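Listed here are the chains, written in short residue letters.
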Amino acid sequence: MTRRLVITGTPGTGKTTVSDLVAARTDLDVIHLNDAIREEELFTERDADRDSLVADVDAVAEWLGEWDGILDSHLAHLFDADEAVVLRCHPEELKERLRERDESEAKVAENAESEALDVILAETVERFGEESVYEIDTTDRPPESVADDVIAAIEGEMDPCVGTVDFIDYL
Ligand SMILES: Nc1ncnc2c1ncn2[C@@H]1O[C@H](COP(=O)(O)OP(=O)(O)OP(=O)(O)O)[C@@H](O)[C@H]1O
């Protein structure tokens, strides 16, 4: 059974929603890393253009220490863990989710394009290797069903899988 799992993916793919569901149904704790970066001031600067914080990766790693459980963030794959889940969402649906959260149109467009280009998937596979990555499509699915897949991955009932989606039609 996986003891240290990162859940990563483009903003809006559902990491926080799904990680809370998984934590409620397992004995794993969840660390919502973006909250910690803000609350513990683990950033180097504020990016005014993007209205976001630039994480201090070394400071975050030090703060995490010997963590276990689930690490939730679009930066989670930058840190050591046993396995990684990459949540995916078709860019058109991702845009709707981000607009519902009142994100700026610039951020909506940037994230949709990044999702179409598999940016976070590629970064995660580069660091963890295909044998330790579960790519899970959340498009047109309820969060509970996605949580079922993540729990199957944690419990070894699902094989690692990469290359399950293709959003290139969006570009
Ligand atoms: N199948 C699904 N899985 C997860 N979230 C979904 C799903 N379908 C719709 N959503 C919705 O997508 C929205 C984005 O969810 P959430 O905030 O968990 O994303 P996130 O990836 O953690 O974003 P961020 O990186 O910005 O924190 C929520 O409103 C959630 O209810």
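Just so it is clear, the structure is predicted and the values come from calculations on it, not from any experiment.

Reading the values: rules and limits
- Residues numbered from 1 in each chain as written.
- Predicted model: local features only at pLDDT ≥ 70, side-chain atom pairs only at ≥ 80, totals over all residues.
- Heavy atoms only, no water.
- Salt bridge = Lys/Arg side-chain N within 4 Å of Asp/Glu carboxyl O.
- Buried < 20%, exposed > 50% of the residue type's maximum accessible area, 1.4 Å probe, protein only.
- 1 Å grid on protein atoms, 1.4 Å probe; cavity = no way out; pocket = protein on both sides within 12 Å on 5 of 7 lines; lining within 4 Å.
- Points joined across faces, edges and corners; volume = space filled by probe spheres on them.
- Helix = DSSP H or I, 4+ residues; strand = E, 2+ residues; numbered from the N terminus.
- Nonpolar A, V, L, I, M, F, W, Y, C, P; charged D, E, K, R; others polar.
- UniProt positions renumbered as here; feature names shortened; annotations may be inferred.
- Contact = heavy atoms within 4.5 Å.

**Section: the pattern of salt bridges**
Working step 1: One pass over the structure, following the stated rule, counts 12 salt bridges.
Working step 2: Here Arg99 ties to Glu105 by a salt bridge, and the two come within 2.8 Å at their closest N and O atoms.
Working step 3: Arg99 sits in the partly exposed class, given a relative accessible area of 39%.
Working step 4: Among the salt bridges present, the one from Arg101 reaches Glu103, with a minimum N-O distance of 3.0 Å.
Working step 5: Here Arg101 falls in the partly exposed class, since its relative accessible area comes to 47%.
Working step 6: Under the relative-accessibility criterion, Glu103 is labelled partly exposed at 23%.
Working step 7: Residues participating in the shared-partner salt-bridge network are Arg88, Glu115, Asp118 and Glu135.

**Section: the layout of surface pockets**
Working step 1: If you add up the space inside the largest pocket, you get close to 1400 Å³.
Working step 2: Contributing to the lining of the largest pocket are 46 residues, with Pro11, Asn34, His74, Arg101 and Lys107 lying nearest its centre.
Working step 3: Put simply, the parts of the chain that give the lining of the largest pocket at least two residues each are helix 1 (15-25), helix 2 (33-39), strand 3 (43-47), strand 4 (52-55), helix 4 (91-100), helix 5 (105-116), helix 6 (119-128) and helix 7 (143-154).
Working step 4: Per-element accounting of the lining of the largest pocket gives the leading share, five residues, to helix 2.
Working step 5: Looking at the lining of the largest pocket residue by residue, the classes come out as 15 nonpolar, 15 polar and 16 charged.

**As for the UniProt feature "binding site: ATP" (unreviewed entry) in the protein chain**
Working step 1: Here, the residues flagged by UniProt with the feature "binding site: ATP" (unreviewed entry) are Gly12, Gly14, Lys15, Thr16, Thr17 and Arg101. The greatest C-alpha distance among the annotated residues, which extend across 90 residues, is 14.5 Å, indicating that they converge on a single site. Within the annotated group just given, the residues that line the largest pocket are Gly12, Gly14, Lys15, Thr16, Thr17 and Arg101.
Working step 2: Here Lys15 lies in helix 1.
Working step 3: By relative accessible area, Lys15 is classed as buried at 7%.
Working step 4: Here Lys15 is in contact with Ile7, Thr8, Gly9, Thr10, Asp72, Ser73, His74 and Leu87, once residues within four sequence places are set aside.
Working step 5: By secondary structure assignment, the location of Arg101 is in the loop between helix 4 and helix 5.

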